[in-house]
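Summary of the model geometry
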Amino acid sequence: MSSATNSTTSPAPAGGDQVELAIGGMTCASCAMRIEKRLNKLDGVSATVNYATEKAKVTFADGVAPDDLVAAVEKAGYTARLPEPPRPEMTGAEGEEPDGRDPVAPLRQRLLVSTVLTVPVIAMAMIPALQFTYWQWLSLTLAAPVVVWGAYPFHRAAWTNLRHGASTMDTLISMGTLAAFGWSLYALFFGTAGVPGMTHAFELTIRATDGAANIYLEVAAGVTTAILAGRYVEARSKRRAGAALRALLELGAKEVSVLRGGREERIGVDRLAVGDLFVVRPGEKIATDGVITEGSSAVDASMLTGESVPVEVGPGDGVVGATVNAGGRLVVRATRIGSDTQLAQMARLVEEAQNGKAQVQRLADRVSGIFVPIVIALAVATLGFWLGTGAGITAAFTATVAVLIIACPCALGLATPTALMVGTGRGAQLGIIIKGPEVLESTRKVDTVVLDKTGTVTTGRMTLLDVVPAAGEDTGRLLRLAGALEDASEHPIARAIATAATERHGALPPVEGFSNVEGLGVQGIVEGHAVIVGRARLFAEWSQQLSADLERATAAAEADGKTAVVAGWDGAARGVFVVADAIKETSAEAIRQLRDLGLTPVLLTGDNQTVARSVAAQVGITEVIAEVLPRDKVDVVKRLQGEGKVVAMVGDGVNDAAALAQADLGLAMGTGTDAAIEASDLTLVRGDLRAAADAIRLSRKTLGTIKGNLFWAFAYNVAALPLAAAGLLNPLLAGGAMAFSSVFVVSNSLRLRRFKALASDTADGRAGTGRPIDAGQRSDEVVEDSRR
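Residue numbers run consecutively from 1 along every chain, following the written order of its sequence. Restriction of local features to residues with pLDDT of at least 70 applies here, the model being predicted, together with a cutoff of 80 or more for giving and counting side-chain atom pairs; totals for whole chains, interfaces and linings are based on all residues. Only hydrogens and water are set aside; all other atoms, that is, all heavy atoms of the structure, feed into the side-chain values.

Okay, the pattern of salt bridges next. We define a salt bridge as a side-chain nitrogen of Lys or Arg found within 4 Å of a carboxyl oxygen belonging to Asp or Glu. On inspection of all chains with the given rule, the structure shows 17 salt bridges. Of the charged contacts, one joins K55 and E20 as a salt bridge, the two residues approaching to 3.5 Å between their closest N and O atoms. With a gap of 35 residues between them, K55 in strand 3 (residues 55–60) and E20 in strand 1 (residues 17–24) connect regions that are remote in the sequence. The closest approach of N and O atoms between R281 and E264, which form a salt bridge, is 2.8 Å. A residue pair is termed long-range when its members are at least 10 positions apart, and R281 in the loop between strand 7 (277–280) and strand 8 (289–294) and E264 in strand 6 (residues 263–268) qualify at 17 residues. Secondary structure elements are defined from DSSP: runs of H or I of at least 4 residues count as helices, runs of E of at least 2 residues count as strands, and each element is numbered from the N terminus.

Our next topic: the packing of aromatic side chains. Within 6.5 Å between ring centres, the rings of Phe, Tyr and Trp (the latter by its six-membered ring) count as paired, and their orientation is classed by plane angle as stacked under 30 degrees, edge-to-face over 60, tilted in between. Counting across every chain of the model gives six aromatic pairs. Seen in terms of ring centroids, F711 and W712 are 5.1 Å apart; in terms of plane orientation they differ by 75°. Their pairing is edge-to-face. Buried residues are those whose accessible area, probed at 1.4 Å on protein chains only, stays under 20% of the maximum for their type, while exposed residues exceed 50% and partly exposed ones sit between those limits. Residue F711 is classed as exposed on the basis of its relative accessible area, which comes to 52%. Between W712 and F744, the ring centres sit 5.9 Å apart and the planes meet at 75°, which makes this aromatic pair edge-to-face. Remark: F744 occurs in helix 26 (residues 731–750) and W712 occurs in helix 25 (residues 690–725); sequence separation between them is 32 residues. For W712, a relative accessible area of 47% translates into the label partly exposed. Judged by its relative accessible area of 30%, F744 is partly exposed. Through pairs of rings, three or more aromatic residues link up here, namely W183, Y186 and F190.

The next point concerns the sheet that holds strand 21 (residues 572–583). Two strands pair under a simple rule: DSSP has to find at least two bridges between them. Pairing is antiparallel in the open sheet, where six strands are placed in the order 16-21-20-19-18-17. The sheet terminates laterally at strand 16 (458–469) and strand 17 (511–517), the two strands that pair on one side only. If you compare each strand with its neighbour and ignore which way they point, the axes differ by 20° on average. As judged from the eight bridges shared by strand 16 and strand 21, these two strands associate in the antiparallel manner. Opposite T463, over in strand 21, you have A580 as the bridge partner. Under this scheme, a helix contributes an axis fitted over its contacting stretch, all axes are lines through C-alpha atoms, and angles between N-to-C directions fall in the 0 to 180 degree range.

Unusually for a residue other than glycine, A322 sits at a positive phi of about 80°. Here the phi dihedral of D570 falls at roughly 55°; this positive angle occurs in a residue that is not glycine. Relative to the assigned elements, D570 resides in the loop between strand 20 (563–569) and strand 21. Judged by its relative accessible area of 44%, D570 falls in the partly exposed class.

For V685, the position within the fold is in the loop between strand 26 (682–684) and helix 25. Note on V685: relative accessible area 41%, which makes it partly exposed. Separated by 254 residues in the primary sequence, V685 and G431 place their C-alpha atoms 4.7 Å from one another.

Below, the discussion takes up the pairing of strand 9 (residues 297–300). As paired strands, strand 9 and strand 10 (residues 311–313) are joined by three bridges and run antiparallel to one another. Across the sheet, A298 pairs through a bridge with E312, a residue of strand 10. Here strand 9 runs beside strand 12 (residues 324–325); their pairing, made up of two bridges, is antiparallel. Counted as the bridge partner of D300 is V324 from strand 12.

What the three strands build is an open sheet, ordered 10-9-12; its pairing is antiparallel. Where the open sheet ends on each side, the last strands, each with one partner, are strand 10 and strand 12.

All right, on to the nonpolar core then. Among soluble globular proteins, nonpolar side chains are generally buried collectively. For our purposes a nonpolar core is just a set of buried Ala, Val, Leu, Ile, Met, Phe, Trp, Tyr and Cys residues, chained together by side-chain atoms within 4.5 Å. Ranked by size, the top nonpolar core spans 45 residues in total, and within it L451, L594, L603, L665, L667, L684 and L689 carry the most contacts. A total of nine residues in this core trace back to one element, the largest contributor, which is helix 25. Counting residues in each nonpolar core, the second largest holds 33 residues, with L107, F154, Y216 and V219 among its members.

Attention shifts here to the UniProt feature "transmembrane region" (unreviewed entry) in the chain. UniProt positions are given in the numbering used here, feature names are shortened, and annotations may be inferred rather than shown by experiment. Per the UniProt record, "transmembrane region" (unreviewed entry) is found at residues 111–128, 134–152, 172–195, 215–233, 367–387, 393–416, 709–726 and 732–750. The span residues 111–128 carries 89% helix and 0% strand; its end-to-end C-alpha distance comes to 27 Å. The span residues 172–195 is 75% helix and 0% strand, and its two end C-alpha atoms sit 31 Å from each other.

This is the structure:
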């Protein structure tokens, strides 16, 4: 997303300090622009203000104090807070402040109360049958709290803008509601609207009127409630901006078993110190970055490296905090803790990428920069004209108030949130979550889609793809004996073989004398046979030669980027199992759909070149970027953006979170980690890559609907303003027209409910060789598959 606020940015101070301010009081993107301009006027200061995250990232030179930055923001009419020291134990849930308060709750309460009070006011004004003897005074009683208390945020923002010589949509909302309410008070107390039995005859006529018998309470209350609804939807989407960082921090272990005096002691991770020895058992998360001093195992580091195969580690090898020990018991010496760990560095990457995103200005805010001053000038001119013609103060004020009322953005307040709510609701039915209106504009411009491999194009878990038995060996027996031995291991590759064996044969025979051969495989006694399963090197070391067929099968699997596991018993190799991260059956079709949308797919992965190119060839991707670490993924996205491309990123792991935040459009697989989901703009709940194409189509359709709503809402204002200025706009006709414009906006938005996902023209697994073995597949079919 391109920045809209760089015009006033001064050169960044060389070697300056940096601080991130929490900004309060912003109501639209123009507020962020105003704060940014004020900060950049200070000597030696370079600032960018992010409206979505409500933060200002400021670089300042020596001689500038952080308190000076806070003072500058406060002089602009907003609040600013310096960052507080991190306190992990105080981290709140999504959308909550550290002390557990929901910052959206006050706005939600204001909206609910205003809605309850407004509905009867509108009903009485628009339905003559409900207009009993003193209905107008009940309307005043109900509408007054809405206009005064419910609309207070708009009045406060309008006053702040006025003090600084600016105007926004808040200015127009405040003026319109106060004008409608003020004239209603005049009509009730000094005109004829307060007499018993007064009614509003609903007339669809255009004629001059003095307005002394008309009240506009339903307009004042209705506009306030409609705009509050829009602001509430916006506030909820904005609160998600910081959840990615919370999700990253939640990934780490909370407690750790430390070795002290030869004994294990369970303590909180925050009490761990550099140099401490701690124990990691199978299935536990590694508490912090360190070096192994005892034991060997396989560590699942895919969250950081993207490598789908767990890494074998032993004494002297480094491990990273929050990765998972998939095998044996480890003793680790802590080398980095707290903010120095790789996980904390990744959290900073996400934060920097989010802050690097430019503010997204609402279309209504952009237009209001011109529209609001014009309306105010027109209202003043109308008042002056009618007073100058001698028509009388009542007629002059009637026309003036009509101008402000007809210009009041009731339909504008519904244009974005209604389309967004319908679009997101339809998306949820299709397994697509759109996080807010600010993500939609990017979908129209995206031309490149970067796809993470593990968990996105592939399933993200090790799967048995093929079984190659030696000559004369039975495939079923080979799978049963090897699966029984592997079932005693926690290694992900072993689990893939054991799972396939269980699915096919049910209960597996027991294992005796099971032991792990460090870094090579496992051995044990199954049904009286001395069975070993592991790498080909294990068999070579034990002088058990593989036949030519098995060597060819092993070489072919490794050439395709798959893992070959050899099984044998009684001194002979009996067969080869081919294990890999299987390609999703729908991935090839998804790539075709993305190409049909005009997007160029790029495969980005931490895996090696052989694996990456094998996967890419099977799904139809020609551009591959392999062997990249998390920081490299961010750099790749930045490089593509630097080449003028608008980049969408699809991923599912923690290692993708920073790149998802950096991309112009981030799409996370819902089957992935919370960190990836929270850092993204769109979430694909089903984990089906085809949903990425549907998500982009739906987002583009929703954006088009919002633009259509805004156009017709403004067109209505522009068309009606001359009638209001001429004093020809019947107040009730104005109210009816406003209601019609709102109904039109809602109806137009409801058309999004008819959005359909692209028809699936293939679900037969044309991704090809990446499918797992069917539990019911016959032995001869498996053998035939292995020889293709």
